[in-house]
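Here's the letter readout for the chains.
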2 protein chains.
Amino acid sequence: MSIRNPKQALYEQFAIVAKALGHPLRLEMIEHLAQGARSVEALAAKLGQPVANISQHLQALRRAGIVSAERDGKFVHYSLADDSVLSAFASVRGVAERRLAEVDRIVRGYFDARDDMRPVTRGELQTLMRDGLVTLIDVRPADEFALGHVPGAINVPLGEIKAWSAGTDASKEVVAYCRGPWCVMSFEAVAALRSLGHPARRLEDGMPEWKAAGLPVEVADRE
Amino acid sequence: MSIRNPKQALYEQFAIVAKALGHPLRLEMIEHLAQGARSVEALAAKLGQPVANISQHLQALRRAGIVSAERDGKFVHYSLADDSVLSAFASVRGVAERRLAEVDRIVRGYFDARDDMRPVTRGELQTLMRDGLVTLIDVRPADEFALGHVPGAINVPLGEIKAWSAGTDASKEVVAYCRGPWCVMSFEAVAALRSLGHPARRLEDGMPEWKAAGLPVEVADRE
DNA sequence: TCGTCATTCAATAATTCTATTGAATGACGA
DNA sequence: TCGTCATTCAATAGAATTATTGAATGACGA
């Protein structure tokens, strides 16, 4: 390593963090780890990737101080190092949202552009829930729901939307949320519900943001 | 390009932004552009880099929506696309600060570790300035000072510290600031002043952050 | 102690990124 | 129209990153 002045050395340290965020798979990993700690194998299964690949990316994230690892017997559980990681992710997303027309095009192009995609804010949701005006569904897989969800939410994983909708009052509006503001599952849930004639909207963002906002989180009973 | 689902496509867009931030030189460029718009040549001169290299990096930043370009005759002036860029930079820095012990080591190792490096907050500074208890110096080059500085600050570029100090009341404390929270010039200014027997501290961060906090900025008269 | 299993390491080929060089572009002023 | 100058482009070589493969490590339980 060449001799560097402190200015260069500092920029290099900052760049290590940004570089670690600069890969789609690693960003997806971060979003998953934001739901709760995961072993390498569990994370690999969630993402449909080979274990060795996930392991290497996890170590890139660890070198950057983004995730931390804790060994538990044969397993190594990875989790986000602290909340600053989520805020860094959010601001990178913020630049992309505001600047890259592509992001908007992707969402509007893939889903039905004619529908009103305006999300429900957290504040609105709390009012609507208090008055019993909406049903809140958490469309993440059951294990993620169990690790923490919005109080009063029902867990309806994406694959069960149709069956669930059939046994529900189709006039009551549904609000769906999942892993984050751009988590595709809630878009798909809303699209599915609307095609079934069910009024539905997305929550503006997902579980980690709800928690980060200091709002109450309900955890499934252990056993 | 292969067929992607929208989830992958979104993560790729976010990764483009993070990847663009993932290079030390580009981060330094962003910090300079945060002081004000610059032509390619001016930026290259500031960074001591070949023009073609800077041009290429600027285009990488532009593709990511981080900077915007505006042609003015023969010159193309680049500037930060919006304030979300600064907040993204700040949160990447936040992860690095909190997680990378290396960053702290660099600063403490390079400068005199025995000195108290605790910075003055913006709030403290306003009180101290109002009561006339400190002299505030802006150690950036004159052209950056001219584009906007903290009201009441005196421009003392790094090379002029010694001469300036000689003609000043050595008992009055000096507060120094420059381009940002880790801008090395203010560390060096404080070290230089202290070695000259002048009490000195750093402001917690620099000009762009002052402006972003909504505080008043003084601009040099045009002429 | 040995086998099992989660994780990491090492080696690799393919791809992407980077800095440099020199030529091309495009706008201004003579 | 031509020369000048700021910027961009194109081509290159070198370096870094990535996914894959299979072997090594390290902890548990029999």
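Small disclaimer: the values here were computed from a predicted structure and weren't measured.

K.L.:
Could you clarify how one ought to interpret the overall build of chain A in this entry?
P.N.:
Scanning chain A from N- to C-terminus turns up 11 helices and 7 strands. When the 223 residues of chain A are sorted by exposure, 48% land in the buried category. When the accessible area of chain A is evaluated, it comes to approximately 10700 Å², of which 51% is carbon and sulfur surface. Once the 28 positive and 29 negative side-chain charges of chain A are each reduced to a mean point, those two points are 6 Å apart.

K.L.:
Looking at this structure, how should I read the nonpolar core?
P.N.:
Across soluble globular proteins, nonpolar side chains show a tendency to be buried alongside one another. Among the nonpolar cores identified, the biggest contains 79 residues, and Leu21, Ile54 and Ile66 of chain A together with Phe14, Leu21, Ile54 and Ile66 of chain B are the most heavily contacted of them. Those residues within four positions of Leu21 of chain A in sequence are excluded, and the remaining contacts are Leu27, Ile30, Ile66, Ala88 and Val92 of chain A together with Ala15, Ala18 and Val92 of chain B.

K.L.:
Would you mind going over the UniProt feature "domain: Rhodanese" (unreviewed entry) in chain A with me for this structure?
P.N.:
Annotation from UniProt places "domain: Rhodanese" (unreviewed entry) at residues 130-219 of chain A. Here residues 130-219 of chain A is 33% helix and 17% strand, with 20 Å between the C-alpha atoms at its ends.

K.L.:
Hey, could you run me through the interface of chain A and chain B in this one?
P.N.:
By convention, interface size is frequently given as the accessible area that disappears when the constituent parts associate. Contacts between the two partners involve 46 residues from chain A and, on the opposite side, 46 residues from chain B. Summing both sides of the interface, chain A and chain B together bury roughly 4300 Å²; the carbon and sulfur share of this comes to 75%. Taken together, the links from chain A to chain B amount to 2 salt bridges. The closest approach of N and O atoms between Glu28 of chain A and Lys7 of chain B, which form a salt bridge, is 3.2 Å. At the boundary of chain A with chain B, the tally comes to 5 residue pairs in polar contact (both at pLDDT 80 or more). Where the side of chain A that touches chain B is concerned, the elements lending two or more residues are α1 (6-21), α2 (24-33), α5 (83-99) and α6 (101-110) of chain A. Taken together, the residues of the side of chain A that touches chain B sort by class into 27 nonpolar, 8 polar and 11 charged.

K.L.:
Explanation requested: the domain arrangement of chain A in the structure shown.
P.N.:
Residue and element names in this part refer to chain A. In terms of domains, chain A is made up of domain 1 (6-85) and domain 2 (108-212). Between the C-alpha centres of domain 1 and domain 2 the distance comes to 28 Å. If you look at the interface, domain 1 gives 7 residues, while domain 2 gives 10 residues. Carbon and sulfur atoms make up 45% of the surface buried where domain 1 meets domain 2, a total of about 680 Å² over both sides. Summed over the three residues of domain 1 that lose the most area to domain 2, namely Glu31, Gln35 and Lys46, the buried surface amounts to 66% of that side. Counting across the domain 1 and domain 2 interface gives 3 salt bridges. Between Asp143 and Arg38 there is a salt bridge, with its nearest N and O atoms 3.5 Å apart.

K.L.:
So what exactly am I meant to see when it comes to the environment of Leu193 of chain A here?
P.N.:
Residues and elements named next belong to chain A. Here Leu193 shows up in helix α10 (residues 184-195). Note on Leu193: relative accessible area 0%, which makes it buried. In this structure the C-alpha to C-alpha distance between Leu193 and Trp164, which are 29 residues apart in sequence, comes to 9.9 Å. Apart from the residues within four sequence positions on either side, Leu193 is in contact with Ile137, Ile161, Trp164, Ser165, Val174, His198 and Ala200.

Conventions we followed
- Residues numbered from 1 in each chain as written.
- Chains lettered and ligands numbered in written order.
- Predicted model: local features only at pLDDT ≥ 70, side-chain atom pairs only at ≥ 80, totals over all residues.
- Heavy atoms only, no water.
- Helix = DSSP H or I, 4+ residues; strand = E, 2+ residues; numbered from the N terminus.
- Buried < 20%, exposed > 50% of the residue type's maximum accessible area, 1.4 Å probe, protein only.
- Areas by Shrake-Rupley, 256 points an atom, 1.4 Å probe, with all protein chains shown as cover.
- Lys, Arg positive; Asp, Glu negative; His and termini not counted.
- Charge placed at Lys NZ, Arg CZ, Asp CG, Glu CD.
- Core = buried A, V, L, I, M, F, W, Y, C linked by side-chain atoms within 4.5 Å.
- Contact = heavy atoms within 4.5 Å.
- UniProt positions renumbered as here; feature names shortened; annotations may be inferred.
- Buried area = accessible area lost by both parts, 1.4 Å probe.
- Salt bridge = Lys/Arg side-chain N within 4 Å of Asp/Glu carboxyl O.
- Polar contact = N/O pair within 3.5 Å; in protein donor to acceptor, adjacent residues only side chain to side chain.
- Nonpolar A, V, L, I, M, F, W, Y, C, P; charged D, E, K, R; others polar.
- Domains from an automatic or database assignment.

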